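# Understanding the architecture of this molecule
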Amino acid sequence: MLLFIARIGSWGRGAGSESRMTKSHGRKSRARNKGRARGAAFASANAGTLHQHSSGPSAADLQPADPTRWGVDTAPDMRTASALVSACIDRCAPCQQSLADKLLDEEAVVLAVLAGSVYTLHAESEPDAGGLASRATQVFFGLVQQARDYRDPGMLPAAVEMLPRDSRAAILEDALDLWTYYGHVDAGLLRERYPSPAGLSTVTVTVEGSDPAKAGPGVVVDISALGHPAAYSVRTDMTLTGSARVASVALVPESAEAGYEDLRWRCGWEPYIFQGLPSADPAWVLKIDHTSGALLGIVRLLDATLLPERQPWEWRQDVYDRILWRAPVPASTSASAEWLEAARRRDTALLYGPLDAGAAAPADWERLVSVHAHCQFTDRM
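Here the structure is a predicted model, which means the values were calculated and not measured.

A tally of regular secondary structure across the protein chain gives 13 helices and ten strands. Taken across its 381 residues, the protein chain has 48% of its residues classed as buried. Carbon together with sulfur atoms contributes 51% to the accessible area of the protein chain, which is approximately 18,300 Å² in total.

Counting across every chain of the model gives three aromatic pairs. Between Tyr119 and Phe141, the aromatic rings sit 5.6 Å apart at their centres with planes inclined by 70°, giving edge-to-face as the arrangement. You can see Tyr119 sitting in helix α6 (residues 108-123) and its partner Phe141 sitting in helix α7 (residues 135-150), a full 22 residues away along the chain. An identical accessibility class is assigned to Tyr119 and Phe141; each is buried.

With that settled, consider the state of the cysteines. With the rule as written, the count across this model stands at zero disulfides. With no disulfide of its own, Cys92 has Cys95 as its nearest cysteine by sulfur position, at a separation of 3.6 Å.

Let us look at the nonpolar core. With 51 residues, the main nonpolar core has Met78, Leu84, Leu103, Leu114, Tyr119, Leu156 and Leu172 as its most contacted residues. Listing elements by their share of this core, those giving two or more residues are α3 (59-62), α4 (79-89), α5 (93-104), α6, α7, α8 (155-162) and α9 (165-182). Of the residues forming this core, the biggest block, eleven residues, is contributed by α6. By size, the runner-up hydrophobic cluster in this structure holds 31 residues, among which are Ala230, Tyr232, Leu324 and Ala327.

Once that is clear, we can look at the packing of α4 against α5. Think of two packed helices as two axes; the pair is described by the angle between the axes and how far apart they sit. Two numbers describe how α4 lies on α5: the axes approach to 9 Å, and their chain directions differ by 155°. Considered as vectors, α4 and α5 are oriented roughly antiparallel to each other. Judged by the sense of rotation from one axis to the other, the crossing of α4 with α5 is left-handed. Facing α4, whose interface residues are Thr80, Ala81, Ala83, Leu84, Ala87 and Cys88, α5 presents Cys95, Gln96, Leu99, Ala100, Lys102 and Leu103. Within the contact of α4 with α5, the residues separate by chemical class into nine nonpolar, two polar and one charged.

Here we take up the pattern of salt bridges. Tallied over the entire structure, the rule returns seven salt bridges. Residue Asp262 is joined to Arg266 by a salt bridge in which the shortest nitrogen-to-oxygen separation is 2.4 Å. Highlighted residues: Asp262 and Arg266, both in helix α11 (residues 260-266), separated by four residues, approximately one helical turn. The class of Asp262 is buried, set by a relative accessible area of 5%. Between Arg264 and Glu270 there is a salt bridge, with the nearest N and O atoms lying 3.8 Å from each other.

Turning our eyes to something else, we now look at unusual backbone geometry. Note: most peptide bonds trans; most residues except glycine with negative phi. Along the chain, Gly353 connects to Pro354 via a cis peptide bond; the corresponding omega equals 0°. Mapped onto the elements of the fold, Pro354 is located in the loop between β9 (348-353) and β10 (369-378). For Arg91, which is not glycine, the phi dihedral falls at a positive 60°. Take Arg91: it is sitting in the loop between α4 and α5. Given a relative accessible area of 48%, Arg91 falls into the partly exposed group.

Turning to the side chain of Lys287, a few remarks are in order. Checked against the element boundaries, Lys287 lands in strand β6 (residues 280-289). Engagement of the side chain of Lys287 in a polar contact is seen with the backbone oxygen of Gln317, the distance being 3.2 Å.

What follows is about the pairing of strand β7 (residues 295-301). Burial within β7 is extensive, with seven of its seven residues counted as buried. Across five bridges, β6 lies against β7 in antiparallel orientation. Its bridge partner being in β7, Val285 is matched across the sheet by Val299. Taking the residues between adjacent antiparallel strands as the criterion, β6 and β7 are bridged by five residues, where Gly293 takes a positive phi near 80°. Two strands pair when backbone bridges link them, and β7 and strand β8 (residues 320-326) are joined in this way by five bridges, in the antiparallel orientation. The residue of β8 that forms the bridge with Arg300 is Arg322.

Criteria and thresholds
Residues numbered from 1 in each chain as written. Predicted model: local features only at pLDDT ≥ 70, side-chain atom pairs only at ≥ 80, totals over all residues. Heavy atoms only, no water. Helix = DSSP H or I, 4+ residues; strand = E, 2+ residues; numbered from the N terminus. Buried < 20%, exposed > 50% of the residue type's maximum accessible area, 1.4 Å probe, protein only. Areas by Shrake-Rupley, 256 points an atom, 1.4 Å probe, with all protein chains shown as cover. Phe/Tyr/Trp six-rings, centres within 6.5 Å; stacked < 30°, edge-to-face > 60°. Disulfide = S-S within 2.5 Å. Core = buried A, V, L, I, M, F, W, Y, C linked by side-chain atoms within 4.5 Å. Axes fitted to C-alpha atoms, helices over the stretch in contact; angles between N-to-C directions. Parallel < 35°, antiparallel > 145°, perpendicular 65-115°, else oblique. Left-handed = near helix turned anticlockwise from the far one by under 90°. Contact = heavy atoms within 4.5 Å. Nonpolar A, V, L, I, M, F, W, Y, C, P; charged D, E, K, R; others polar. Salt bridge = Lys/Arg side-chain N within 4 Å of Asp/Glu carboxyl O. Polar contact = N/O pair within 3.5 Å; in protein donor to acceptor, adjacent residues only side chain to side chain. Pairing = 2+ DSSP bridges.

The quantities given are spatial measurements derived from coordinates; they are silent on function.
As structure tokens, then:
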């Protein structure tokens, strides 16, 4: 490990004079396109005055949950980093330059957290830092992969501190490209990519088909970042469409944060179609116990957000972007035989809402949204 850190120092010092590695223009092009799609209008700079940008994650979103695991006693000040990411998403060049210079003068842990968190997210879907990355970033990415494997990011600030300014600037530039690409992801997924093995809300997943009696501890998956105050209850019914009756699930808000705005804008559901059925959206999955027929949960797959260019059948079915609803333990919402037969026949179900508690129909039909979700019959959430 010490040898690897030493190498990043020696490689970084030559980064200013050495040629950049062969570049894959696809990633940077996608990053810029994402930034343009998200970009907000901004006024011209007046006498070098910085604008206010808030398109990206906030400073609180970027702060690590446990600063001591990054080798510092208190949470680093991520305000400059937050403003810089937002300026990149908004494509504000004057602010980008001023804020980048300011960030490079701050403590090494700020750049380590900013680059380390987004590259850890990137490592979950890509094997390398990307062809566009500088040599310093390529080596830094190797350290990020080790930190991810061992759930210990403490080595990253020390590695950054060893680098000369031009190598830190190269890492920052490459990290900002990724932040522009991943900036549309919920901030909660980017906040803490190095969760502690203990003390957080986790679930244990074992390999499908293995003997539970002989299985080891399995894979510990942190789901604390997916928590959201919008709470719902569900009920099953059958909905008549233009062609047939389909299995459907109505969502009833159980908290002030739940309702139309949450389903429409946070979840991206579309206005309800009364005479037809929208196209199936494989990103949304209704989990159903294959033995009892009980509903287990409603989730959106992370791969649909990070890897939309891949075919839906290549997405991992057990990695979630968000958990909209999760059944209590034991699951209590069981479906009828007719409902289960319809769901199995189509492998889909219509999810819609919001409905008032105890109401068979919404008070305002125009504020009804839906998604045509995939059904997965399984033995676990």
